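Chains, contacts and geometry: an overview
Now for the letters of each chain:
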Amino acid sequence: MTTNTDPLSDFHDDLIIMIITFLPFIDAYRLCMSKKKWYDRSLWLHCRSFELHEASFMLPDSRQYWFSIGRRTKVMYMKRIGRLKYFHFVNRAVRRLASEFLTKFSFRLYYSSNSYLQNIDKWIEIVLEKSVQELSLDFSDGDPVEPQPMLRNPQYVLPHFFYQQGMSVRVLNINSCGLGLCNFVNFIQLTSLALTRVRLFWAEIENKAHNCPFLETLSLVECYRIVKVEITLRTLGLRKLIVRHCQSLSLGIELWLPRLQYFEYAGKMVRFNMRAMDDLEEVILDYHLDTRYSYNSEDIKSLFNPFADARILQVSTSALKIIPTEYLFFEQPLFKFWQLEHLTLKTGLEHFELASIICLLICSPYITTLSISTGAIMHTPDFRPNYFPLSPGEIWTTDGWILDHHECVQIEGFTGKTCETDLVKFMLRNSRSIKELNIKRLVRATSSVTAEAFKEINKAAVASEAVVINCI
């Protein structure tokens with residue numbers, strides 16, 4: 001009498017299908033590969049979450065080897081072969097999907113030829129008929145050997161039926177394609193919309209928001225032909241807005257969104273006109289530095305005043321470099337963050353940034369958590385800031401700054417430089433409520449230098465006897 005050593009062979013196909021419906025596509029496919037009869041019966045096609053990118057077919061380790069020895073032609077050939085294999089696999093799989101509805105459909109295929117057009121249209125038609133809830137269409141090259149232009153030819157354009165059959169879509173991500181008709185009136189359940197590297201016009205942005213009454217998240221990344229971002233629909237429930245590296249925004253950003261809670265902006269310095277932002281909690285600002293422009297107090301006031309009610313603020317190195325030093329000497333600063341509790345500064349601690357750090361700390365009297373990251377540094381040798389009378393050593397040793405509400409301070413990317421050590425000692429000497437100071441050194445930093453800096457910090461004078469210093 002033989003015993004069955006494979007308990008999986010006793011599982012009925014219906015049970016396997018039920019399990020597969022809860023698995024991502026890759027896991028479902030691997031599961032069926034473990035049993036020949038499951039694979040032969042194509043049980044993996046019952047998966048409801050289809051997510052597959054062309055990079056999975058391109059042997060990344062092998063391509064990296066050929067690229068490292070300068071064989072760019074070989075790398076391009078491998079990418080073309082992998083792309084064709086991916087295209088034919090997806091084409092067969094999508095047309096044979098057995099599930100009646102899909103929770104997610106996501107693919108990335110670099111659109112390099114119009115020969116893909118009819119098949120891609122068919123894929124989109126099939127998944128829309130299956131009432132897909134999360135749809136991601138990515139036509140960018142996720143691993144480009146050469147820089148990709150903003151305007152590509154040929155470019156895939158969404159068909160008309162896409163806008164007529166999108167009633168079930170709740171999450172939509174579109175990358176590097178033409179929008180075509182661009183009428184989202186039928187996307188009545190859409191809650192999240194992300195547009196990346198697409199052409200948009202001024203009026204289209206507000207129309208999209210108006211046609212999607214349940215829209216909560218809107219992301220515009222590297223979009224072009226945008227003169228202005230204007231959304232002034234007071235009844236719209238938009239809670240999260242991201243605008244990153246869009247061109248050209250010459251007329252700035254105008255918002256009237258009473259329910260907005262999260263705002264993120266990256267790009268050149270533009271005008272903000274923001275009204276009734278009472279629920280705004282978190283703001284991330286990553287300004288590009290224009291070295292040819294002389295910034296003055298009114299410019300900085302227009303940048304920061306719209307976010308005066310934010311509770312969480314993250315400011316990048318670029319923004320710190322444009323705050324003029326005159327702010328430090330005003331008895332009454334021109335902007336105040338009365339509600340701010342958590343402040344994150346990404347800074348290189350260069351000479352002309354020091355006044356900005358002090359300025360932001362003074363303008364935020366109720367901060368409880370301060371995070372300072374010195375990792376990503378943007379060097380601008382051609383930038384000539386306003387004259388600052390105090391040296392880096394003098395600004396941190398000057399008495400009179402009182403930081404009463406700081407409870408937790410975190411510093412990442414610590415290298416042990418003198419300016420970093422002086423900043424830490426400054427915080428310890430002036431923060432009377434501080435309870436915890438966490439310092440995490442940069443991985444590539446010299447261990448002997450950071451060790452000496454940690455010893456100096458541990459011996460520094462403190463304003464709070466309850467402070468605990470953790471050096472990692």
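Reference entry: report on the structure contained in this document. Going along each chain's sequence as written, the residues are numbered from 1 onward. Given that this is a predicted model, residues contribute local features only at a pLDDT of at least 70 and side-chain atom pairs are listed and counted only at 80 or more, while totals for whole chains, interfaces and linings are drawn from all residues. Processing note: side-chain calculations cover all non-hydrogen atoms of the structure and skip hydrogens and water entirely.

Things to note about the overall build of the protein chain
Secondary structure elements are taken from DSSP: a helix is a run of H or I of four residues or more, a strand is a run of E of two residues or more, and numbering for both begins at the N terminus. Helix and strand counts for the protein chain stand at 14 helices and 18 strands. Whether a residue is buried, partly exposed or exposed follows from its accessible area with a 1.4 Å probe, protein chains only, as a fraction of its type maximum: under 20%, in between, or over 50%, in that order. When the 472 residues of the protein chain are sorted by exposure, 49% land in the buried category. The contact criterion used throughout is that any non-hydrogen atoms of two residues lie within 4.5 Å. Put simply, 66% of the contacts in the protein chain that link residues at least 6 apart link residues at least 24 apart. Each accessible area is a Shrake-Rupley estimate made with a 1.4 Å probe; only the visible protein chains count as cover when residues are assessed. Accessible surface for the protein chain amounts to roughly 23000 Å². Of this, 51% is attributable to carbon and sulfur atoms.

Remarks on unusual backbone geometry
Here the residue pair Q247 and S248 is connected by a cis peptide bond, since its omega of 0° sits within 30 degrees of zero. Position of S248 relative to the elements: it lies in the loop between β8 (240-244) and β9 (253-256). Here S131, not a glycine, exhibits a phi torsion of approximately 55°, which is positive. Mapping S131 onto the fold places it in the loop between α6 (117-129) and β3 (134-138). Taking relative accessible area as the criterion, S131 reaches 37% and is therefore assigned partly exposed.

A word on the pattern of salt bridges
Just to be clear on terms, a salt bridge is a Lys or Arg side-chain nitrogen sitting within 4 Å of an Asp or Glu carboxyl oxygen. Summed over the entire model, instances satisfying the criterion amount to 16 salt bridges. E222 is the salt-bridge partner of R197, the closest N and O atoms lying 2.9 Å from each other. Here E222 lies in the loop between β6 (217-221) and β7 (229-231) and R197 lies in the loop between β5 (192-196) and α8 (202-211), a separation of 25 residues in the sequence. On the accessibility criterion, R197 (18% relative accessible area) is buried. Overall, E222 belongs to the partly exposed group, its relative accessible area being 27%. The shortest N-O distance in the salt bridge between K455 and E452 comes to 4.0 Å.

Quick look at the packing of helix α13 (residues 418-430) against helix α14 (residues 447-458)
For any two helices packed against each other, one specifies the inter-axial angle together with the distance between the axes. Where α13 meets α14, the axes come as close as 10 Å, and the angle between the chain directions of the two elements is 20°. Regarding the angle of α13 to α14, the classification is roughly parallel. Considering the relative orientation of α13 and α14, their crossing is right-handed. On the side of α13, the interface is formed by T421, V424, K425 and L428, while α14 contributes A453, E456 and I457. Here, axes are lines fitted to C-alpha atoms. For helices the fit covers the stretch in contact, and angles between N-to-C directions go from 0 to 180 degrees. Each angle receives one of four descriptions, namely roughly parallel if under 35 degrees, roughly antiparallel if over 145, roughly perpendicular if within 65 to 115, and oblique otherwise. Two helices crossing with the near one rotated counterclockwise from the far one by less than a right angle form a left-handed crossing, whereas a clockwise rotation gives a right-handed crossing.

Looking at the environment of V132
Residue position: V132 is located in the loop between α6 and β3. Taking the C-alpha atoms as reference points, V132 and G166, separated by 34 residues in sequence, lie 8.6 Å from one another. Every residue in contact with V132, bar those within four places of it in the chain, is listed here: L102, T103, K104, F105, V127, S168 and V169.

Considerations on the packing of aromatic side chains
Centres within 6.5 Å are what make two rings of Phe, Tyr or Trp a pair, Trp counting through its six-membered ring; a difference in plane orientation under 30 degrees is then read as stacked, over 60 as edge-to-face, and the rest as tilted. The full count for this structure, using the stated rule, is 34 aromatic pairs. Seen from their ring centres, F162 and Y163 are 5.1 Å apart, and the 85° between their planes marks the pair as edge-to-face. Directly above the aromatic system of Y262 lies the positively charged group of K240, at a separation of 4.9 Å from the ring centroid. Across from the ring centre of W338, 5.2 Å away, lies the NZ or CZ of K336, which sits over that ring. The rule for a charge over a ring is simple: NZ of Lys or CZ of Arg within 6 Å of the ring centre, and within 35 degrees of the ring normal.

Comments concerning the sheet that holds strand β11 (residues 272-275)
Here, strands pair whenever DSSP counts at least two bridges between them. Strand order across the open sheet formed by 3 strands is β7-β9-β11, with parallel pairing between neighbours. Each edge of the open sheet carries a strand with a single partner, namely β7 and β11. Averaged over neighbouring strand pairs, the angle between their axes works out to 5° when direction is ignored. When β7 meets β9, the two strands line up parallel, connected through 3 bridges. Along β9, the bridge assignment pairs E230 with E254.

Points about the packing of helix α5 (residues 72-95) against α6
Contact pair α5 / α6: the axes reach a minimum separation of 10 Å and the direction vectors enclose 35°. Here α5 and α6 pass one another in a crossing that is left-handed. Where α5 approaches α6, its residues F87, V90, N91, V94 and R95 are matched on the opposing element by N119, K122, W123 and I126. Classification used: nonpolar for Ala, Val, Leu, Ile, Met, Phe, Trp, Tyr, Cys and Pro, charged for Asp, Glu, Lys and Arg, polar for all others including Gly. Along the lines of polarity and charge, the residues of the contact of α5 with α6 split into 5 nonpolar, 2 polar and 2 charged.

As for the pairing of strand β14 (residues 342-346)
With burial as the criterion, only one face of β14 is covered, namely that bearing L343 and L345; the residues H342, T344 and K346 on the opposite face remain uncovered. Pairing analysis gives 4 bridges linking strand β13 (residues 312-315) to β14, with the strands arranged parallel. The partner of L313 across the bridge, within β14, is L343.

Observations regarding α6
Helix span, as expected, comes to 1.5 Å for every residue beyond the first. The terminal C-alpha atoms of α6, which comprises 13 residues, lie 19 Å apart, in line with the 18 Å expected from a rise of 1.5 Å per residue. Of all the residues in α6, the buried ones are N119, I120, D121, W123, I124, I126, V127 and L128. Buried residues belonging to α6 abut α5, β2 (104-108), β3 and α7 (160-164). One or two steps after α6, the chain reaches S131, where phi turns positive at roughly 55°.

Some words on the environment of E412
Relative to the elements of secondary structure, E412 occurs in strand β16 (residues 408-414). The exposure class assigned to E412 is partly exposed, which follows from its relative accessible area of 42%. Remark: the alpha-carbon pair of E412 and R441, spanning 29 residues in sequence, is separated by 6.3 Å. Among all residues touching E412, those that are not within four sequence positions of it are I372, S373, T374 and K440.

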